[in-house]
Amino acid sequence: MVLVGGGGVWAAGAFLGGGGTQPHEVLPAGAMAYVRLDLDPAANQKLALFALAKKFTVTKDRFTGDDPRKALFDAVKADSEDLAKVDFAKDVDPWLGSRIGMAVLAPAAAGKEPGFAVAVQVKDEAQAKAGIAKLMGEEKYGLAFRDDYAIISADQANADKHATGPTLSESADFTGDLDALGEPGVLSMWMNAGKVAELGGEALPAENKAMLKNARFAAALRFDSAYAEFAGIVRGAEAMAVGDPQAADISTLPPSTVGALSISGMDEAITKQWSQLQKSMAAAPDGASFQQFVDMAQQKYGLTLPADLATLLGKNLTVALDGDGLATMGQSGQLPKVGVRIVTDPAKAQEVIGKIEKAFTDAGQPAPQIAKVPGDGTLTLATTPEYAKQLSEGGTLGDSEAFKTAIPDAASSTFALFVDVDKLEPLYLNSLSGDDQANAKVFSAVGLSGKQSGSEASFSLRVLFN
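Calculation rules
Residues numbered from 1 in each chain as written. Predicted model: local features only at pLDDT ≥ 70, side-chain atom pairs only at ≥ 80, totals over all residues. Heavy atoms only, no water. Helix = DSSP H or I, 4+ residues; strand = E, 2+ residues; numbered from the N terminus. Contact = heavy atoms within 4.5 Å. 1 Å grid on protein atoms, 1.4 Å probe; cavity = no way out; pocket = protein on both sides within 12 Å on 5 of 7 lines; lining within 4 Å. Points joined across faces, edges and corners; volume = space filled by probe spheres on them. Patch = residues over 30% accessible without salt bridge, like charges linked within 9 Å, V, L, I, M, F, W, Y side chains within 5 Å. Areas by Shrake-Rupley, 256 points an atom, 1.4 Å probe, with all protein chains shown as cover. Salt bridge = Lys/Arg side-chain N within 4 Å of Asp/Glu carboxyl O. Buried < 20%, exposed > 50% of the residue type's maximum accessible area, 1.4 Å probe, protein only. Lys, Arg positive; Asp, Glu negative; His and termini not counted. Charge placed at Lys NZ, Arg CZ, Asp CG, Glu CD. Core = buried A, V, L, I, M, F, W, Y, C linked by side-chain atoms within 4.5 Å. Axes fitted to C-alpha atoms, helices over the stretch in contact; angles between N-to-C directions. Parallel < 35°, antiparallel > 145°, perpendicular 65-115°, else oblique. Nonpolar A, V, L, I, M, F, W, Y, C, P; charged D, E, K, R; others polar. pLDDT = per-residue confidence, 0-100. Expected span 1.5 Å × (residues − 1). Arc of directions from axis to C-beta. Polar contact = N/O pair within 3.5 Å; in protein donor to acceptor, adjacent residues only side chain to side chain.

1. What about the environment of A219?
Here's step 1: By the secondary structure assignment, A219 is in strand β7 (residues 216-223).
Here's step 2: Along the backbone, A219 and I233 are 14 residues apart, and their C-alpha atoms lie at a distance of 6.4 Å.
Here's step 3: Setting aside residues up to four positions removed in sequence, A219 forms contacts with L181, L187, S188, M189, F230, A231 and G232.

2. Some thoughts on the layout of surface pockets
Here's step 1: Empty space within the largest pocket amounts to approximately 620 Å³.
Here's step 2: As for the largest pocket, its lining consists of 22 residues, and the residues nearest its centre are F73, L96, I100, V120 and L135.
Here's step 3: For the lining of the largest pocket, the secondary structure elements donating two or more residues are α3 (68-77), α4 (88-92), β2 (96-105), β3 (115-122) and α5 (125-136).
Here's step 4: Here the element with the most residues in the lining of the largest pocket is β2; it accounts for five residues.

3. Concerning a nonpolar patch on the surface
Here's step 1: Together, V35, M102 and F116 make up a nonpolar patch on the protein surface, roughly 200 Å² of accessible area in all.
Here's step 2: Locating F116 in the fold gives a position in strand β3.
Here's step 3: You can call F116 partly exposed: its relative accessible area is 33%.

4. Overview of a negative patch on the surface
Here's step 1: A surface patch of negative charge is lined by E25, E125, D147 and D148.
Here's step 2: Note that E125 resides in helix α5.
Here's step 3: What makes E125 partly exposed here is its relative accessible area of 45%.

5. Some thoughts on the pattern of salt bridges
Here's step 1: For the coordinates displayed, the defined rule picks out 20 salt bridges.
Here's step 2: Between K134 and D91 there is a salt bridge whose closest N-O contact spans 3.0 Å. You can see K134 sitting in helix α5 and its partner D91 sitting in helix α4, a full 43 residues away along the chain.
Here's step 3: With a relative accessible area of 40%, K134 lands in the partly exposed category.
Here's step 4: The partner of K358 in a salt bridge is D362, with the nearest N and O atoms 2.8 Å apart. Placement of both K358 and D362 in helix α13 (residues 346-362) is noted, with a separation of four residues, approximately one turn of the helix.

6. Notes on the nonpolar core
Here's step 1: The biggest cluster of nonpolar side chains holds 21 residues, and the ones touching the most others in it are L27, Y34, A119, I151 and F174.
Here's step 2: Elements that contribute at least two residues to this core include exactly β1 (31-38), β2, β3, β5 (149-153), α7 (172-181) and β7.
Here's step 3: Broken down by element, the residue count for this core peaks at three residues, all from α7.
Here's step 4: Ranked by size, the runner-up nonpolar core spans 19 residues in total, among them A382, Y387, I407 and A445.

7. Quick look at the packing of helix α10 (residues 266-283) against helix α11 (residues 287-299)
Here's step 1: One way to put it is that α10 packs onto α11 with a least axis distance of 7 Å and a crossing angle of 135°. As judged from the angle between their axes, α10 and α11 are oblique. Contact with α10, carried on its side by W274, L277, Q278, M281 and A282, involves G287, F290 and V294 of α11 and no other residues of that element.
Here's step 2: Along the lines of polarity and charge, the residues of the contact of α10 with α11 split into six nonpolar, two polar and no charged.

8. Re the confidence of the model for the protein chain
Detailed conclusions should not be drawn from predicted coordinates in areas where pLDDT is low.
Here's step 1: Mean pLDDT over the protein chain works out to 87, with 90% of the residues at or above the 70 mark.
Here's step 2: Between residues 1-18, whose pLDDT stays under 50, and residues either more than four places distant or in other chains, the model counts 14 contacts.

9. Brief notes about α13
Here's step 1: If you check α13, its first and last C-alpha atoms are 24 Å apart, about what 17 residues at 1.5 Å a residue would give, namely 24 Å.
Here's step 2: Of the residues making up α13, those classed as buried are P346, A349, V352, I353 and A359. Taken end-on, α13 shows its buried residues confined to a sector of 150°, consistent with a single buried face. When the buried face of α13 is taken as reference, the exposed residues oriented beyond 90 degrees from it are E351, K358 and D362.
Here's step 3: Buried positions along α13 lie against α12 (307-313), β12 (371-374) and β13 (378-382).
Here's step 4: One side-chain oxygen of the residue at the start of α13 lies 3.0 Å from the amide nitrogen of A347, identifying that residue as D345.
Here's step 5: G364 lies just past α13 and shows a positive phi near 80°.

Right under this line is the structure:
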């Protein structure tokens, strides 16, 4: 019983657990960027990937069986003439493992192209040599082996060097970033943004290079039975946020909301970066247009920049679109219910809006009809008085299961975007037909959320499916 039970656990782990050596454990140290594809991820990732592929007409017939490697190969082969004579069962399956990774390396000298090293997990070195040769065709390459991986590079000297030197996994920054990222999913990537920025030469302003000097980015594509998620982190950059940004909690919007965007900290950001923004825009090809906008805002509307702009952006700015009456919009001149809720000094914000309204009336034009509801540290604007009142009072959007899944940590996010795709279907679904309509019906909602504090930021983009 112990032997059989232990063997069963081992077999389940081998098939579903996604263990074993990862590409970054054999790829060379000092990489500027790294990307990894794992077709033997954890159980929930593998099962969810196949379930999701079967929802769409374009992939349901290609992702068949239980081998993600073959499914992906067949999908690529269908669109590639070069692979027409390659048979997966005979030429690929006997040697191909489940993981592949690529490292982008710094150029050997100024003006040269970046180098590369590709690590392909293999089950048999001899068969891998023959199989890779058939896949590469006439392309020149170098090939070496390390810990059950084939290391492919531009030439043999580089392949041999990469197969014996220090590895990317020995970098404390790299491993720390992956640990902070969490579940690596099916696809993951990492980048030393500072080193990549250096390749931009004179095209990238010096201040941008300085901000990115120590910045690193890591991200992963993950799957769940109800959604696909692209999650990432930025670490080591120059402080991107000033102070401690207020939460951008859109869970308190009305339950009839079909779309919302909320961003915190823009008032401090625009104040801090205003002079730099002016310099950057002046150097840009359309810099004259930006300066004309600034001049018009100050002269025609009497605004004081950046102070008045910071007041309107507030500590938090939330824009919302309501679904009530959206399907019949335009039939009787009805405007959509759109509103803005600003966490700011309501008196100062109304003064700024008053300057803009006065500029319209002084020019003989009617001022925009905007309903305003001042509150305790907030100002709500909307296209109708009813919606302005409703938006200012809050609601229970956060009780929706779609919202909870799309925005997993609403209460502590400093930026958030939510779109209820199902509620928007009446606006476009009838204009689609056949496979296009069937595929469109699969999408349920979209959520983007994250946190920003000091030199670190994180985000989660989730696409939900019916």
